[in-house]
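Per-entry structural report
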Amino acid sequence: TSPFHSAWLHLLEDPEWLVREAAAEALALLAADPGVKSRLLSVVQTDPKPHVREAAAKAVGPHVDPEADYGPALRH
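I will try to describe carefully the structure that is included in this document. (Residues numbered from 1 in each chain as written. Predicted model: local features only at pLDDT ≥ 70, side-chain atom pairs only at ≥ 80, totals over all residues. Heavy atoms only, no water.)

The subject of this paragraph is the environment of Leu11. Mapped onto the elements, Leu11 comes out in helix α1 (residues 3-11). The class for Leu11 is partly exposed, based on a relative accessible area of 29%. Expressed as a C-alpha distance, the spacing of Leu11 and Ala22, which sit 11 residues apart in the sequence, is 8.8 Å. Residues in contact with Leu11, not counting those within four places in the same chain, are Val19, Arg20 and Ala23. (Helix = DSSP H or I, 4+ residues; strand = E, 2+ residues; numbered from the N terminus. Buried < 20%, exposed > 50% of the residue type's maximum accessible area, 1.4 Å probe, protein only. Contact = heavy atoms within 4.5 Å.)

This is how it looks when you write it as structure tokens:
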């Protein structure tokens, strides 16, 4: 993950949910990067705000491989 990606990923931890939502939407363009994809998947599963989870899901959606990304968690 590049420093540019890291700066955007850091915004996913902002205390303001609107900032996290905007960052997730912006990261859609970078979601093919495995590091970005992994972080967005984490946001989908853990962010307390539904708007942020939805934005992250839309951003990563076309890049999700259900078995690879969720299979182990679903089988657990």
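Back to the text.
This part takes up the nonpolar core. Ranked by internal contacts, the top residues of the largest apolar core, which has 16 residues, are Leu12, Ala24, Leu27, Val36 and Leu40. Among the secondary structure elements, those contributing two or more residues to this core are α2 (17-26), α3 (34-46) and α4 (50-60). Of all the elements, α4 adds the most residues to this core, at 5 residues. When near neighbours in sequence (up to four residues on either side) are disregarded, Leu40 contacts Leu12, Ala24, Leu27, Ala31, Ala56, Ala59 and Val60. (Core = buried A, V, L, I, M, F, W, Y, C linked by side-chain atoms within 4.5 Å.)

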